[in-house]
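One-letter residues, chain by chain:
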Amino acid sequence: MEQAVRDGIIKVNPARVSGWQKLYKQAEDELRDPRALALPDWDTLVQLAEALVAASSNQYRGWGDVVLFAASTAARIGEVSGCRIGDIDTSLWIWTVQRQTTPAPGGLTDKGTKGKRARKVPIIEEIRPLVAQRILSAGPNPDARLFTGPRGGRISTAVLRDATHWDEVVTRLGYEHLRRHDLRHTGLTWLADAGVPIHVLRRIAGHGSLTTTQRYLHPDVHKITAAGAALSTHLSVLRAPRSLPATTVLTR
């Protein structure tokens with residue numbers, strides 16, 4: 001095809017893949033430093049959700065709910081789509097993640113999670129009213145989906161992107177790098193910064209490897225130096241001479 005272009009037979013090589021460098025860079029960033037892909041704070045997340053709703057057809061509120069829920073639970077969009085009413089424990093405010101919605105030859109289908117194991121995720125206070133309202137709207141059926149499209153259909157990352165004009169919105173807000181999966185990176189980064197122990201963070205994320213979870217820890221130099229100082233203090237205590245017991249004088 002390239003030779004045909006050089007020979008003037010065709011103008012453009014239809015087999016040439018464009019934009020792969022940008023996609024490769026995004027994948028590389030995700031592997032090396034997923035923290036760099038996260039949103040900075042809650043207000044920014046709310047701003048994004050509101051902008052996506054405003055850009056969607058008929059300003060469907062559900063798109064904003066999906067974005068807030070995905071980031072707050074550090075879940076994949078497919079897992080959010082697969083969430084059923086019966087998966088939510090409103091007494092403890094815990095979501096048992098046990099399925100995801102993924103594309104299939106016949107359309108969208110439900111299957112097990114990526115790790116093939118169910119996991120429990122906390123539902124934070126900021127989104128509990130949102131979740132409670134959606135449960136109320138969905139009705140008593142435990143198999144009803146917590147989130148659907150405006151016509152009641154299953155959602156996917158591609159559906160969310162197209163319905164909200166995602167690329168245009170995030171570019172306008174100054175986050176042109178942001179993808180739907182980066183909502184998960186956002187949640188895991190916030191949990192790590194909140195001081196959630198790494199073994200708990202791993203369970204919430206559903207990571208198979210601890211190394212993957214460790215990428216979300218903040219490389220704070222002050223914490224590193226503080227850890228060194230704490231170790232030195234500990235060792236100095238161990239080195240300190242122990243006081244001898246008082247000598248007992250025996251008398252006859």
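Coordinates for the structure precede this section.
Parameters and conventions
Residues numbered from 1 in each chain as written. Predicted model: local features only at pLDDT ≥ 70, side-chain atom pairs only at ≥ 80, totals over all residues. Heavy atoms only, no water. Axes fitted to C-alpha atoms, helices over the stretch in contact; angles between N-to-C directions. Helix = DSSP H or I, 4+ residues; strand = E, 2+ residues; numbered from the N terminus. Parallel < 35°, antiparallel > 145°, perpendicular 65-115°, else oblique. Contact = heavy atoms within 4.5 Å. Expected span 1.5 Å × (residues − 1). Buried < 20%, exposed > 50% of the residue type's maximum accessible area, 1.4 Å probe, protein only. Core = buried A, V, L, I, M, F, W, Y, C linked by side-chain atoms within 4.5 Å. Pairing = 2+ DSSP bridges.

What follows covers the packing of helix α4 (residues 61-73) against helix α9 (residues 182-193). At a closest axis distance of 6 Å, the pairing of α4 and α9 adopts a crossing angle of 45°. Looking at the two axes, α4 sits oblique to α9. Across the interface between the two elements, Val-67, Ala-70 and Ala-71 of α4 pack against Leu-183, Thr-186 and Gly-187 of α9.

Another aspect to go through is α4. Its 13 residues give α4 an end-to-end C-alpha distance of 19 Å, which sits within 8% of 18 Å, the value for a rise of 1.5 Å per residue. Those residues of α4 that sit buried are Gly-62, Trp-63, Gly-64, Asp-65, Val-66, Val-67, Leu-68, Phe-69, Ala-70, Ala-71, Ser-72 and Thr-73. Where α4 terminates, the next one or two residues include Ala-74, which has phi positive at roughly 55°.

Core analysis: the largest hydrophobic core is formed by 47 residues, its most contacted members being Leu-48, Val-67, Trp-95, Val-131, Leu-146, Trp-166 and Leu-183. When residues of this core are traced back to their parent elements, those giving at least two are α3 (42-55), α4, α5 (77-82), β2 (94-97), α6 (128-138), α8 (166-172), α9 and α10 (198-205). Counting residues per element, this core draws most heavily on α4, which supplies seven residues. Discounting chain neighbours no more than four positions away, the residues touching Leu-183 are Leu-45, Leu-48, Val-67, Ala-70, Ala-71, Ile-77 and Trp-166.

Turning next to the sheet that holds strand β1 (residues 88-89). The three strands are arranged β1-β2-β5 in an open sheet whose pairing can be described as antiparallel. At either margin of the open sheet sits one strand with a lone partner, and together these are β1 and β5 (119-122). Relative to β5, β2 runs antiparallel, the two being bridged by four bridges. Within β5, the residue paired with Ile-94 across the bridge is Pro-122.

So, about unusual backbone geometry. A positive phi angle, close to 60°, is found at Asn-58, a residue other than glycine. Along the polypeptide, Asn-58 turns up in the loop between α3 and α4. With relative accessibility at 69%, the residue Asn-58 sits in the exposed group. Despite not being glycine, Trp-93 shows a phi value in the positive range, around 55°. As for its placement among the helices and strands, Trp-93 is situated in the loop between β1 and β2.

So yeah, pure geometry; function would need other evidence.
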